[in-house]
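Fold and geometry: a report
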Amino acid sequence: MKIFKFIISKIFLRKAILGIGMILLLCMANYITFTATRSILSTFQGYRETEYINQEGVYTANLDPNSHIDMGVISENGTQAVYDYLNNNFNYAFYTDGFIVSVPNSYDMKISLGYMNEQYYRLNEFELSQGTDLDFDYQLDGEIPVLIGKGLSKTYPVGSTIKIDEFVLGRPVTLKVQGILKQNTYHSNYYALNSKTYYNFSILIPVNEAFINNANMDLKLNGLMDIITLNTTKEEVTDLSKVIKDNMGLKFNFFSQQENYDYFNEYYLHSLKIIAITTFILFIVITCLSIWNALVSVRLMLKDFTINLLVGLSYSKLRKIFYIYFGILSFINLTVIFIITAFNRYGCWLRKDATFATYGLFGLIGMDWLSLLVVVLSDIIIGMVIVENMLRKIKKVPISLRVLQ
Amino acid sequence: MKKSLFRISDVLELCTAYMFCFFLNLLFNYVKIMDLDSYILKAFLKNFTDYQEIIVLIFTVVVIVFHYQMLHRKKTEIFCKMLVGDTIFNITIRYALNCLMILIFVCLLSTLANVYLKFNLISNFYLTFIFIIYILISAREVRKYENF
Amino acid sequence: MTKIIDLKIKEKIYKNKKLQISILNNFNLEVNAGEKIAIVGESGVGKSSLLNIIGLLDRDYNGEYTLFDSRANSLHTSELAQWRNQKIGFVLQESALINSLTIEDNIKLPLLYADSGKKEFKLEDFENVINAIDIESILKKKPLECSGGEKARAVFARGIIMKPQIILADEPTASLDVENRERIVNLLFKMNKEFNTTIITVTHDLEMANRYDRVIHLERRK
């Protein structure tokens with residue numbers, strides 16, 4: 001430890017610019033690795049979540065990108081006719097969210113309402129930390145059983161009621177807390193699997209036929225955009241597409257399991273490949289720059305190392321010192337990455353951004369920790385490459401020649 | 001060339017460092033105007049393009065390291081030249097001019113590339129300005145090596 | 001006898017944040033053209049500092065210095081540089097060579113800063129110097145490929161290539177064998193005899209010092 005302190009304070013810190021340069025380069029390598037890993041993990045997480053739509057007989061609705069929504073043409077009756085057709089001929093999963101309401105809570109967060117029918121609920125298999133499963137057989141004028149996120153559980157424990165002005169029904173309703181969702185339960189965007197909405201400050205409202213029939217156009221239209229038909233055939237969804245076109249003037253596409261797979265391979269996998277390759281190239285470039293920086297350090301500190309080697313420092317001890325030094329630099333960088341991530345995550349709490357607020361140490365969730373682990377691994381690789389190169393460079397010049405230098 | 005502190009290898013090294021930074025900046029400008037239809041890629045790249053200036057600035061550390069190690073390596077040369085009739089003022093001016101010439105060459109190449117690709121030149125000039133500051137700071141450091 | 005150096009130093013101070021050292025207190029030195037002077041004294045007493053002051057490398061001291069009838073403090077830096085190039089030759093330790101240049105380029109370095117007329121003249125002399133010191137075989141080598149003795153001879157060659165009026169040598173023979181030491185000293189004395197060159201040498205070798213016209217003992221202030 002004495003030797004380590006001496007070498008760090010008398011050799012490395014005397015040329016602090018080189019150390020700072022190394023920290024900044026490592027920081028970039030870490031940031032790139034961290035961001036790429038998180039993107040890839042988040043996309044795979046989203047893909048796993050949506051695996052249920054990649055099943056035989058399941059078709060996912062997508063509004064044709066060339067189709068233009070003309071609200072003047074879409075009528076209440078036309079939309080209802082589509083839902084009547086759906087109710088009579090299909091088994092379908094309905095889900096929509098993003099309706100914001102003010103519900104008093106201990107964090108002063110705006111609360112997001114999510115609406116789902118029984119099929120969607122069964123498909124997703126939401127995990128609860130408290131309470132019981134949702135009941136979809138309720139009366140609209142009575143208490144509606146709901147699931148709430150962990151962030152609301154202190155204010156509204158299981159069994160308590162929440163009174164809100166229900167926007168989609170256009171009247172006040174009483175919600176009864178049936179269960180508390182596990183912390184950090186999320187929903188991935190079908191069109192951007194790496195983008196997520198967290199349910200920590202959400203209320204999930206079960207919707208049944210009566211609810212949809214009484215709801216306003218916003219709910220019906222938004223729900224239709226992501227509708228998932230189950231146990232269906234291509235012909236049946238083609239007919240449904242025609243019904244939507246006739247009644248609402250919108251062109252809908254329905255994608256099958258195979259089409260979803262193809263889409264994933266073509267779109268997501270391709271994007272992930274590009275991310276991985278780009279990251280790899282950048283990682284190599286930064287590693288090369290770090291090696292250059294390290295060799296420059298050796299060139300400037302050669303005399304100091306040599307004198308220490310002359311008076312008894314062994315190469316193995318020097319290697320150990322280098323590894324500890326890079327360990328410290330990596331630790332500094334990891335801390336920086338941790339702080340940036342925590343700042344982003346915790347920032348959601350400070351900004352009262354309910355859809356992104358997460359639970360964990362400073363809001364860091366599983367994929368953040370996993371990404372940090374990958375960063376540690378990448379640092380070990382860079383550290384090994386750099387330290388071994390430095391030692392090789394030092395050993396290459398005979399001590400006698402170095403003394404002359 | 002002999003009066004200069006720069007050898008061919010030093011010129012190439014500094015050229016590469018400048019080129020790397022300008023190329024990185026160019027790459028950012030290119031990524032920004034790329035018409036990507038992949039949300040994942042867009043979201044991934046946004047993590048970098050949003051911080052273009054900071055990231056490029058961080059990478060300019062390679063130029064700082066170059067200046068630092070260059071002067072450190074040349075301290076004997078500076079002293080020897082002083083002994084045989086050079087002045088610290090002339091050495092400093094020559095050093096700064098050499099750096100500036102290399103910078104202007106790389107900056108011109110980068111400007112041409114930016115103009116050809118119809119990119120905004122502001123970030124290019126901003127980077128040049130930063131490098132000029134580095135040159136001026138490092139030129140001030142030359143006098144540190146006046147005495148052996 | 002022409003007086004070429006008239007140096008009166010009240011004190012030279014080295015200081016940093018922690019301590020301050022004062023050397024060369026009330027030190028006076030007058031040197032005539034063609035004199036051979038040896039400076040001796042224990043380490044840290046200010047021998048090399050004195051050489052730096054005489055050689056116009058250091059003007060940060062309390063005192064007055066007249067060199068070739070000009071007040072050193074009033075000279076412009078470009079004039080100082082010209083004097084170091086034309087009138088003063090430095091023979092310092094072997095490490096004062098540029099590692100990236102060959103020995104030949106190192107020796108010819110002063111010619112780079114000389115005016116063109118003189119440069120031609122010195123190039124003619126180059127061969128003579130090389131032969132006299134016997135370093136022809138290492139001309140194409142880089143300093144790191146040479147022995148300590150070879151480097152010391154190269155430094156010496158660079159110091160005398162311009163045939164300066166004053167040669168300032170800081171232990172020029174410390175790393176040389178007897179044969180090469182004699183060769184260098186003889187060459188120094190030959191230059192002194194032929195060109196009336198003034199030689200000021202810092203040395204620890206008292207036997208060597210006794211061969212000079214005058215020996216100056218520097219002592220630490222009690």
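What you see is a predicted model; the values in this text were computed from it and never measured.

**Overview of the overall build of chain A**
The helix and strand tally for chain A stands at 11 helices and 13 strands. Rg of the C-alpha trace for chain A: 29 Å, well past the compact-globule value of 22 Å for 405 residues, more than 25% over. Its C-alpha atoms give chain A principal-axis dimensions of about 95 × 45 × 35 Å. A burial count over chain A gives 37% of its 405 residues as buried. Here the contacts in chain A between residues at least 6 apart in sequence split such that 80% fall between residues at least 24 apart.

**Side note on the interface of chain C and chain B**
On the chain B side, the residues contacting the 19 residues of chain C number 15 residues. Sorting the residues of the side of chain C that touches chain B by element identifies helix H2 (77–86) and helix H3 (103–113) of chain C as the ones contributing at least two each. The leading source of residues in the side of chain C that touches chain B is H2 of chain C, at 6 residues. Its residues assigned to classes, the side of chain C that touches chain B shows 10 nonpolar, 6 polar and 3 charged.

**Focus on the pairing of strand S7 (residues 161–166) of chain A**
Residues and elements named next belong to chain A. Note: S7 against strand S8 (residues 171–181), 6 bridges, orientation antiparallel. Residue pairing in the sheet places Ile164 in a bridge with Val173 of S8. Between S7 and the antiparallel strand that follows it, S8, lie 4 residues; Gly170 among them carries a positive phi value of about 75 degrees.

**Let's talk about the packing of helix H2 (residues 16–49) of chain A against helix H8 (residues 257–310) of chain A**
All names here are of chain A. The contact between H2 and H8 brings their axes to 10 Å, and the two run at 165 degrees. The angle between H2 and H8 places the two elements in the roughly antiparallel class. As H2 packs across H8, the resulting crossing turns out to be left-handed. The residue inventory of the contact of H2 with H8, partitioned by class, reads 21 nonpolar, 9 polar and no charged.

**Quick word on the domain arrangement of chain A**
Residue and element names in this part refer to chain A. With domains assigned, chain A is organised as domain 1 (2–50 + 262–404) and domain 2 (59–255). A straight line from the C-alpha centre of domain 1 to that of domain 2 covers 44 Å. If you tally residues by element for the side of domain 1 that touches domain 2, the top one is H2, at 7 residues. Taken together, the residues of the side of domain 1 that touches domain 2 sort by class into 8 nonpolar, 8 polar and 2 charged.

**Quick notes on the environment of Phe6 of chain B**
Within the secondary structure layout, Phe6 of chain B lies in the segment before helix H1 (8–33). Excluding residues within four positions of it along the chain, Phe6 of chain B makes contact with Val11 and Asn98 of chain B.

**Regarding the interface of chain B and chain A**
Residue-level contacts link 17 residues of chain B with 26 residues of chain A. Those elements giving two or more residues to the side of chain B that touches chain A turn out to be helix H2 (39–49), helix H3 (52–59) and helix H4 (61–73) of chain B. Per element, the largest residue contribution to the side of chain B that touches chain A is 7 residues, and it comes from H4 of chain B. Classifying every residue of the side of chain B that touches chain A by side-chain character gives 13 nonpolar, 4 polar and no charged.

**Some details on unusual backbone geometry**
Residues and elements named next belong to chain C. Here Asn26, not a glycine, exhibits a phi torsion of approximately 45 degrees, which is positive. When you line up the elements, Asn26 lands in the loop between strand S2 (20–23) and strand S3 (27–32). For Asn26, a count of 10 C-beta atoms within 10 Å corresponds to the exposed category. The phi angle at Asp134 is positive, at roughly 60 degrees, despite the residue not being glycine. Structurally, the position occupied by Asp134 is in the loop between helix H4 (116–133) and helix H5 (148–160). A tally of 13 C-beta atoms within 10 Å means that Asp134 is categorised as partly exposed.

The rules behind these values
Residues numbered from 1 in each chain as written. Chains lettered and ligands numbered in written order. Predicted model: local features only at pLDDT ≥ 70, side-chain atom pairs only at ≥ 80, totals over all residues. Helix = DSSP H or I, 4+ residues; strand = E, 2+ residues; numbered from the N terminus. Rg over C-alpha atoms; globule rule 2.2 N^0.38 Å. Buried ≥ 20, exposed ≤ 12 C-beta atoms within 10 Å, placed from the backbone. Contact = placed C-beta atoms within 7 Å. Nonpolar A, V, L, I, M, F, W, Y, C, P; charged D, E, K, R; others polar. Pairing = 2+ DSSP bridges. Axes fitted to C-alpha atoms, helices over the stretch in contact; angles between N-to-C directions. Parallel < 35°, antiparallel > 145°, perpendicular 65-115°, else oblique. Left-handed = near helix turned anticlockwise from the far one by under 90°. Domains from an automatic or database assignment.

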